[in-house]
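Structural overview for review
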Amino acid sequence: MSFGIKPLGVRVVLKRVEAQEKTQGGLILSSTAKEQPQVAEIVAAGPGTKDEAMELKVGDRVIFSKYAGTEIKYEGEEYIIMKQEDILAIVE
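Definitions and limits used
Residues numbered from 1 in each chain as written. Predicted model: local features only at pLDDT ≥ 70, side-chain atom pairs only at ≥ 80, totals over all residues. Heavy atoms only, no water. Helix = DSSP H or I, 4+ residues; strand = E, 2+ residues; numbered from the N terminus. Buried < 20%, exposed > 50% of the residue type's maximum accessible area, 1.4 Å probe, protein only. Core = buried A, V, L, I, M, F, W, Y, C linked by side-chain atoms within 4.5 Å. Contact = heavy atoms within 4.5 Å. Pairing = 2+ DSSP bridges. Axes fitted to C-alpha atoms, helices over the stretch in contact; angles between N-to-C directions. Phe/Tyr/Trp six-rings, centres within 6.5 Å; stacked < 30°, edge-to-face > 60°. Lys NZ or Arg CZ within 6 Å of the ring centre and 35° of its normal. Patch = residues over 30% accessible without salt bridge, like charges linked within 9 Å, V, L, I, M, F, W, Y side chains within 5 Å. Areas by Shrake-Rupley, 256 points an atom, 1.4 Å probe, with all protein chains shown as cover. Salt bridge = Lys/Arg side-chain N within 4 Å of Asp/Glu carboxyl O.

Quick word on the environment of V62
For V62, the position within the fold is in strand 3 (residues 61-64). Take V62: its relative accessible area is 0%, and that puts it in the buried class. Sequence spacing of V62 and I42 is 20 residues, and the spatial spacing of their C-alpha atoms is 7.5 Å.

Right under this line is the structure:
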């Protein structure tokens, strides 16, 4: 899937998964009370390098470090570009 951003090396482009609107107890959260989710879907992945293989692929849902990456806005959508090493886990 190519949408106009092609990450280089071992970088990936992520799109955050929407935060929950309700708590487990049924309370509806206001937009200011919602914490930014640290779960995202990979929408583009770089080819890797000769020293480091790309282990992630487009469509993987991942958990990433809280302060990692660079947030960008592209064609009205918000994305995060970060290195593969800042991805903590793949959500299965």
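Following the structure, the description resumes.
A look at the nonpolar core
Membership of the largest hydrophobic core comes to 13 residues, with the highest contact counts inside it found for V12, L14, L56, F64, M82 and I87. Going through the elements one at a time, strand 1 (11-16), strand 2 (39-45), strand 3 and strand 5 (77-83) are the ones with two or more residues in this core. Discounting chain neighbours no more than four positions away, the residues touching L14 are A40, E41, I42, V43, V62, F64, Y79, I80, M82 and I87.

Brief notes about the sheet that holds strand 2
Read across the open sheet, the six strands follow the order 4-5-1-2-3-6; overall the sheet is antiparallel. If you trace the sheet from one side to the other, it starts and ends with strand 4 (70-74) and strand 6 (87-91), each paired once. Taken over all neighbouring pairs, the strand axes of this sheet differ in orientation by 40 degrees on average, direction set aside. Taken together, the five bridges between strand 4 and strand 5 define a ladder with antiparallel strand orientation. By the bridge assignment, I72 is partnered in strand 5 with Y79.

Concerning the packing of aromatic side chains
One pass over the structure, following the stated rule, counts zero aromatic pairs. The ring of Y79 carries K15 above its face, with NZ or CZ at 5.5 Å from the centroid.

Details of a nonpolar patch on the surface
Residues I63, L88 and V91 make up a contiguous nonpolar surface patch of about 230 Å² in total accessible area. Position of L88 among the secondary structure elements: in strand 6.

A look at the pairing of strand 2
Pairing of strand 1 with strand 2, which is carried by five bridges, proceeds in the antiparallel orientation. When the bridges of strand 2 are listed, R16 appears paired with A40. As paired elements, strand 2 and strand 3 share three bridges and run antiparallel to each other. Looking across to strand 3, one finds that A40 is bridged to V62.

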